[in-house]
Amino acid sequence: MFSKELFGQRLQEVRKKNHETQEDLAVLINSVKSHISEMEHGKKTTTAEKIALICEHYKISSDYLLGLSDSPDPQR
């Protein structure tokens, strides 16, 4: 089941693992830093298109980011 909190935790985890700032991610998905912060704190989500950009950039599966799988591998 989808959880905004888990989505936010995983988003923050992969962003930090890749040594990127919230501003870096905001530029990537054509957003603003405050929106990234709200997503990471489980207050907001984003569009399917932006989720796809995030997953392609970090090479993770959307199921993992959305909390539907525990495997970040996009091939699983």
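Please read these numbers as outputs of a predicted model, since none were measured by experiment. (Residues numbered from 1 in each chain as written. Predicted model: local features only at pLDDT ≥ 70, side-chain atom pairs only at ≥ 80, totals over all residues. Heavy atoms only, no water.)

### Re the overall build of the protein chain
Turning to step 1, where the next piece is worked out: When its secondary structure is counted, the protein chain shows five helices and zero strands.
Turning to step 2, where the next piece is worked out: Here the C-alpha atoms of the protein chain give a radius of gyration of 11 Å, agreeing with the 11 Å that 2.2 N^0.38 yields for 76 residues.
Turning to step 3, where the next piece is worked out: Along the three orthogonal principal directions, the C-alpha set of the protein chain runs to about 30 × 20 × 20 Å.
Turning to step 4, where the next piece is worked out: Counting all 76 residues of the protein chain, 36% fall into the buried class.
Turning to step 5, where the next piece is worked out: Pairs at least 24 apart in sequence give 52% of the contacts found in the protein chain among residues at least 6 apart.
Turning to step 6, where the next piece is worked out: When the accessible surface of the protein chain is split by element, carbon and sulfur atoms take 50% of a total near 4800 Å².
Turning to step 7, where the next piece is worked out: Charged side chains in the protein chain number 11 positive and 12 negative. The centres of these two groups are separated by 4 Å. (Helix = DSSP H or I, 4+ residues; strand = E, 2+ residues; numbered from the N terminus. Rg over C-alpha atoms; globule rule 2.2 N^0.38 Å. Buried < 20%, exposed > 50% of the residue type's maximum accessible area, 1.4 Å probe, protein only. Contact = heavy atoms within 4.5 Å. Areas by Shrake-Rupley, 256 points an atom, 1.4 Å probe, with all protein chains shown as cover. Lys, Arg positive; Asp, Glu negative; His and termini not counted. Charge placed at Lys NZ, Arg CZ, Asp CG, Glu CD.)

### A short note on the pattern of salt bridges
Turning to step 1, where the next piece is worked out: As enumerated under the stated definition, the model contains three salt bridges in all.
Turning to step 2, where the next piece is worked out: Between Lys44 and Glu38 there is a salt bridge, with its nearest N and O atoms 3.4 Å apart.
Turning to step 3, where the next piece is worked out: By relative accessible area, Lys44 is classed as partly exposed at 39%.
Turning to step 4, where the next piece is worked out: Take Glu38: its relative accessible area is 28%, and that puts it in the partly exposed class. (Salt bridge = Lys/Arg side-chain N within 4 Å of Asp/Glu carboxyl O.)

### Notes on the side chain of His35
Turning to step 1, where the next piece is worked out: Here His35 lies in helix H3 (residues 33-40).
Turning to step 2, where the next piece is worked out: Only 3.0 Å separates the side chain of His35 from the backbone oxygen of Thr45, close enough to count as a polar contact.
Turning to step 3, where the next piece is worked out: Not counting chain neighbours up to four residues away, the residues in contact with His35 comprise Lys44, Thr45 and Thr46. (Polar contact = N/O pair within 3.5 Å; in protein donor to acceptor, adjacent residues only side chain to side chain.)

### Considering the environment of Lys50
Turning to step 1, where the next piece is worked out: Looking at the secondary structure, you find Lys50 in helix H4 (residues 48-58).
Turning to step 2, where the next piece is worked out: For Lys50, a relative accessible area of 21% translates into the label partly exposed.
Turning to step 3, where the next piece is worked out: Expressed as a C-alpha distance, the spacing of Lys50 and Leu28, which sit 22 residues apart in the sequence, is 9.0 Å.
Turning to step 4, where the next piece is worked out: Apart from residues no more than four positions distant in its own chain, Lys50 is found in contact with Ile29, Asn30 and Ser31.

These figures capture arrangement, not role.
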